[in-house]
Amino acid sequence: MRHAMELARRAGDAGDVPVGAMVFSDDGEGHELGTLIGCGWNTREVDGDPCGHAEINALRAAAQQVGNWNLSGCTLVVTLEPCTMCAGAIVNSRISRVVFGAWDEKAGAAGSVRDVLRDARLNHTVEVIGGICEEENVELLQQWFQQWR
Ligand SMILES: [Zn+2]
């Protein structure tokens, strides 16, 4: 989560809302979550891309790294609760677990506004662990909004 927050700051410094994400494979080596196979941060402003969220960028990097869209068994760590778009991408990537920092009561799709990740009607559901380092992650966002908006 600390490293994800560093990625978030990278986005923040470039004028994007500070959100960072990482994908770990489940090979049991390296980090306790597995091996880091993809990083991403919010590039919506920098790239002028409405889909340039941290999670999407991290999923793309991870899929490219392993040469497969199917990231079953992998864990995604992100500083902010995923939105509906990212939750949809997470379900479609077959990610097994999502660990996130701050809850997003206005746009979160992992339990706040809706719960796309654990919707039993879908063909894949995801284990969700939310609110990790929540205070620091909320502060990271609040500081950025005070400075940039
Ligand atoms: Zn998103």
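Above this text you will find the structure in question.
Read on for an overview of the structure. (Residues numbered from 1 in each chain as written. Predicted model: local features only at pLDDT ≥ 70, side-chain atom pairs only at ≥ 80, totals over all residues. Heavy atoms only, no water.)

**Quick word on the overall build of the chain**
Across its full length, the chain carries five helices and five strands. When the helices and strands of the chain are placed in sequence order, the string is α-β-β-α-α-β-α-β-β-α. For the chain, whose C-alpha radius of gyration is 14 Å, the value lies close to the compact-globule estimate of 15 Å for 149 residues. Dimensions of the chain, computed from C-alpha atoms along their principal axes, come out at roughly 40 × 30 × 30 Å. In the chain, once contacts between residues fewer than 6 apart in sequence are set aside, the share between residues at least 24 apart is 56%. Total accessible area on the chain is roughly 7600 Å²; 46% of this is exposed by carbon and sulfur atoms. Computing the positive centroid from 12 side-chain charges and the negative centroid from 21, the chain places the two 5 Å apart. (Helix = DSSP H or I, 4+ residues; strand = E, 2+ residues; numbered from the N terminus. Rg over C-alpha atoms; globule rule 2.2 N^0.38 Å. Contact = heavy atoms within 4.5 Å. Areas by Shrake-Rupley, 256 points an atom, 1.4 Å probe, with all protein chains shown as cover. Lys, Arg positive; Asp, Glu negative; His and termini not counted. Charge placed at Lys NZ, Arg CZ, Asp CG, Glu CD.)

**Some words on the coordination of the zinc ion**
The zinc ion binds to the protein through His53 (ND1), Cys83 (SG) and Cys86 (SG); the donor distances cover 2.0 to 2.3 Å. For the zinc ion, the single-chain donor residues occur in sequence as H-x29-C-x2-C. Of this pair, His53 sits in the loop between helix 2 (44–47) and helix 3 (54–66) while Cys86 sits in helix 4 (residues 84–93), and the two are 33 residues apart along the sequence. Across the pair, exposure class does not vary: His53 and Cys86 are buried alike. (Donors = N, O, S within 2.8 Å, 3.2 Å for Na, K, Ca; no water. Buried < 20%, exposed > 50% of the residue type's maximum accessible area, 1.4 Å probe, protein only.)

**Observations regarding the nonpolar core**
Counting residues in hydrophobic clusters, the biggest one holds 29 residues, and the most contacted among them are Val23, Leu76, Ile90, Ile95, Val98 and Leu117. When contributions to this core are tallied by element, the ones reaching two or more residues are strand 1 (20–25), helix 3, strand 3 (75–80), helix 4, strand 4 (97–102) and helix 5 (134–148). At four residues, the largest contribution of residues to this core is made by helix 3. Setting aside anything within four residues of it in sequence, one finds Val23 in contact with Thr35, Leu36, Ile37, Gly38, Ala58, Leu59, Ala62, Cys74, Thr75, Leu76 and Ile95. The next biggest cluster of nonpolar side chains, apart from the first, holds seven residues, and it includes Met1, Leu7, Val77 and Val99. (Core = buried A, V, L, I, M, F, W, Y, C linked by side-chain atoms within 4.5 Å.)

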